[in-house]
Amino acid sequence: MKLPRLLLRSIVLTLALGGLSGCSDDNPADSAGFAGLGQDAEGFQHAQPDQALTLPDDFPQQHAAHPDYRIEWWYLTANLKDAAGEPLGLQWTLFRQALMPPSERPAPTPWAADQLWMAHMAISQGEQHQVAERFGRSHSQAPLKTPQDNQAGVMISPFHAWLDDWQLKANEETDSTDFNSLTLTAYSGEGDARFGYRLKLTAEGPLVLHGVEGFSQKAANGQGSMYYSQPFWRITGEVTLNGDTKTVNGRGWLDREWSSQLLDARQSGWDWFSIHLNDGHKLMAFQLRGGGSDGSGGGDNSSADRQRNADYRSGTWITPQGDATPLATGEITLTPLATSAVAGRDVPTRWRLEIPSVEIDINIEAPHANRWMTTSVPYWEGEVHVSDRASGEPLGEGYLEMTGY
């Protein structure tokens, strides 16, 4: 049974985002942390270092939902070009939020729901930036044999993740459950205002585990998430923008992450980078702002040192063959170089990223600042260009996500 859209939105905003957002436009970085991800998670299963993922033995079941964890997402970004060679960026994300711990869940009925779902899509080209959002609900114990059984959910045989008719699924000519060949379809609006895409995703490399065998630490106190990616997507298909449909091709990056307490309560948000370098290497790097350390670990303990140490950083260096090297917080230096006024905020849109252990010293710049996601939980997400810090030589492209500003 489906709820009327306005009623469902009200329920989602009240039950989920009220506890999920932890911030407001007036105070986008309060002490609860961005999206409430530093809030108490008692009763939920927690990501731990001893929950190591094993490739390929643990898959494809890890592509499915993990409802005993509080939060989860299937997150695709893509750097594409149209037939005229003009760059175009897009995002599609399916978020899952558990309403209550497993021990408190009601029996499944047509009206009972213990999982809320939110999906975002965006298309960006030049100064155009179109955004849409949808909401859904499900019960973790309800039978799930076809997508028609629930308004939103994830199946693994064959793989199918959806909210209404927005869907990421195994290609129909295959029975794939391993993420090697998928189709993504999502549209919003009507007539000249219609926008969306139908894309084919083909993996040209392996899945990559982040952190220590898939456990990605997010704070000095040890909490974190289970996290892996498919950074080797080759994408083809068509994109509709302003009622005009064009063929596209390019590269994509899909993240899978689940946790019950992603942030330390003192952390206000994150800056996350996914980079495709022209030589075939790939790089994931992030910092969680605040709460990483008390600054007592060395140095002159100046105010600037303490501020740097308060940010927790991590990353993964990926070879063209898919071999992954974890990067510790002390190996990564992220320095904002310029900010842009976006949606009433000052948002860093030009960065320097230094990782001496892999000989990286690069500038990362957003060519367009107006990539604010005007969704119920607002954030910045957009395409970036990568260049050598010393020479200015173009080195690649990618995506940047910034929350809590």
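Residues numbered from 1 in each chain as written. Predicted model: local features only at pLDDT ≥ 70, side-chain atom pairs only at ≥ 80, totals over all residues. Heavy atoms only, no water.

**Overview of the confidence of the model for the protein**
Here the protein averages 85 in pLDDT, while 82% of its residues score no lower than 70. pLDDT under 50 marks residues 292-309. Its contacts with residues more than four places away, or in other chains, come to 16 contacts. (pLDDT = per-residue confidence, 0-100. Contact = heavy atoms within 4.5 Å.)

**Some points on the packing of aromatic side chains**
Under the criterion given, the structure shown has seven aromatic pairs. Between Phe59 and Tyr228, the ring centres sit 4.8 Å apart and the planes meet at 90°, which makes this aromatic pair edge-to-face. With Phe59 in the loop between helix 1 (5-21) and strand 1 (71-82) and Tyr228 in strand 12 (residues 224-241), this residue pair connects regions lying 169 residues apart in the sequence. A single burial state applies to Phe59 and to Tyr228, both of which are buried. (Phe/Tyr/Trp six-rings, centres within 6.5 Å; stacked < 30°, edge-to-face > 60°. Helix = DSSP H or I, 4+ residues; strand = E, 2+ residues; numbered from the N terminus. Buried < 20%, exposed > 50% of the residue type's maximum accessible area, 1.4 Å probe, protein only.)

**Topic: the nonpolar core**
In terms of nonpolar packing, the biggest core is built from 46 residues, with Leu90, Trp92, Leu94, Tyr197, Leu199, Leu201 and Trp233 touching the most fellow members. With six residues, strand 12 is the largest single contributor of residues to this core. Filtering out sequence-adjacent residues up to four positions away, Leu90 remains in contact with Leu76, Thr77, Ala78, Leu80, Ala122, Ile123, Tyr197, Leu199, Val239 and Tyr399. Within the second largest apolar cluster, 26 residues are counted, among which are Ile332, Leu334, Trp372 and Leu400. (Core = buried A, V, L, I, M, F, W, Y, C linked by side-chain atoms within 4.5 Å.)

**Focus: the environment of His66**
Mapped onto the elements, His66 comes out in the loop between helix 1 and strand 1. A sequence separation of 30 residues divides His66 from Arg96, and the C-alpha atoms of the two residues are 9.0 Å apart. A distance of 3.1 Å separates a polar side-chain atom of His66 from the backbone oxygen of Ala64. (Polar contact = N/O pair within 3.5 Å; in protein donor to acceptor, adjacent residues only side chain to side chain.)

**A closer look at the environment of Ser124**
Position of Ser124 relative to the elements: it lies in strand 3 (residues 115-125). Here Ser124 falls in the buried class, since its relative accessible area comes to 1%. Once the C-alpha coordinates of Ser124 and Leu241 are considered, the two residues, 117 residues apart in sequence, prove to be 9.0 Å apart. Aside from chain neighbours lying at most four places away, what touches Ser124 is Leu88, Gly89, His129, Arg371 and Glu383.

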